[in-house]
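Structure at a glance
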Amino acid sequence: MVKSTLSYGTIGYIVLAAICYSGWNLVARKAGVNQYVLILAVCVTTLLPILLYAGPKAMQSSVSTQAVCILIIAGIINGFGFIFYGQALGNQMTDLSVLLPILFGVMVLFSFFG
């Protein structure tokens, strides 16, 4: 069995990630746009902080071809997940208090059994 410990820094990152992941959908939904505009706008603008933070550090890393292929597959899966999530989020008739617990509950179950 692997022993797992959480540092205060890791807990801080978890809290910040939870705030950001739960907050962006509230902000995006206020725009009142259809799901296609929502998906495109959020996806494209998501790249900015990622490139600024991880870009310089990633350029200094050497990565195997196999790792790149695996990461491409993971990115494609994430892209489809984002499309499906955007479709659900774009449905203005479904309250986020109903949508998000179902989504995150299924994500936890899938990760647990995966």
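Please refer to the structure higher up on the page.
Residues numbered from 1 in each chain as written. Predicted model: local features only at pLDDT ≥ 70, side-chain atom pairs only at ≥ 80, totals over all residues. Heavy atoms only, no water.

1. Let's talk about the overall build of the chain
To keep it simple, the criterion reads: Going along the chain from the N terminus, every DSSP run of H or I of four or more residues is numbered as a helix, and every run of E of two or more is numbered as a strand. Just to be clear, the radius of gyration here is over C-alpha atoms, and the globule rule we use is 2.2 Å times residues to the power 0.38. The rule is simple: take the accessible area with a 1.4 Å probe, protein chains only, and divide by the maximum for that residue type; under 20% is buried, over 50% is exposed, in between is partly exposed.
A count of helical and extended segments in the chain gives four helices and zero strands. Listed N to C, the secondary structure of the chain is α-α-α-α in terms of helices and strands. A globule of 114 residues ought to have a C-alpha radius of gyration of about 13 Å, yet the chain, at 17 Å, is considerably larger. Each of the three principal axes of the chain carries a C-alpha extent, and together these read 45 × 35 × 25 Å. Residues counted as buried form 14% of the 114 residues belonging to the chain.

2. Let's talk about helix α3 (residues 65-89)
Rules: Take the number of residues in a helix, subtract one, and multiply by 1.5 Å to get its expected span. Contacts were defined at the residue level, with two residues in contact if any of their heavy atoms lie within 4.5 Å.
For α3, built from 25 residues, the straight-helix expectation of 36 Å at 1.5 Å per residue is met to within 8% by its first-to-last C-alpha distance of 35 Å. Along α3, the positions that sit buried rather than exposed are Phe82, Tyr85, Gly86 and Leu89. The inward-facing, buried residues of α3 abut α1 (8-29), α2 (35-59) and α4 (96-113).

3. Things to note about the nonpolar core
Here is the rule: Buried Ala, Val, Leu, Ile, Met, Phe, Trp, Tyr and Cys residues form a nonpolar core when they are joined through side-chain atoms within 4.5 Å.
Among the nonpolar cores identified, the biggest contains 10 residues, and these are Ala28, Leu38, Ile39, Val42, Phe82, Tyr85, Leu89, Leu96, Leu99 and Leu100. Sorting the residues of this core by element identifies α2, α3 and α4 as the ones contributing at least two each. Setting aside residues up to four positions removed in sequence, leucine 96 forms contacts with Asn25, Leu26, Arg29, Leu89 and Pro101.

4. Topic: the environment of tyrosine 85
The topology assignment puts tyrosine 85 in helix α3. If we skip the residues at most four places from it in the chain, tyrosine 85 touches Trp24, Asn25, Leu100 and Leu103.

5. What to know about a nonpolar patch on the surface
Note the threshold: Each patch is assembled from residues with relative accessible area greater than 30% and no salt bridge, linking like charges that lie within 9 Å and nonpolar side chains (Val, Leu, Ile, Met, Phe, Trp, Tyr) that lie within 5 Å. The Shrake-Rupley method, run with a 1.4 Å probe, gives the accessible areas here. Residue values count only the displayed protein chains as cover. When a carboxyl oxygen of Asp or Glu is within 4 Å of a side-chain nitrogen of Lys or Arg, the pair counts as a salt bridge.
On the surface, Leu6, Tyr8, Ile11, Tyr13, Ile14, Val15, Leu16 and Ile19 cluster together into a nonpolar patch covering about 930 Å² of accessible area. Position of tyrosine 8 relative to the elements: it lies in helix α1. The exposure class assigned to tyrosine 8 is exposed, which follows from its relative accessible area of 80%.

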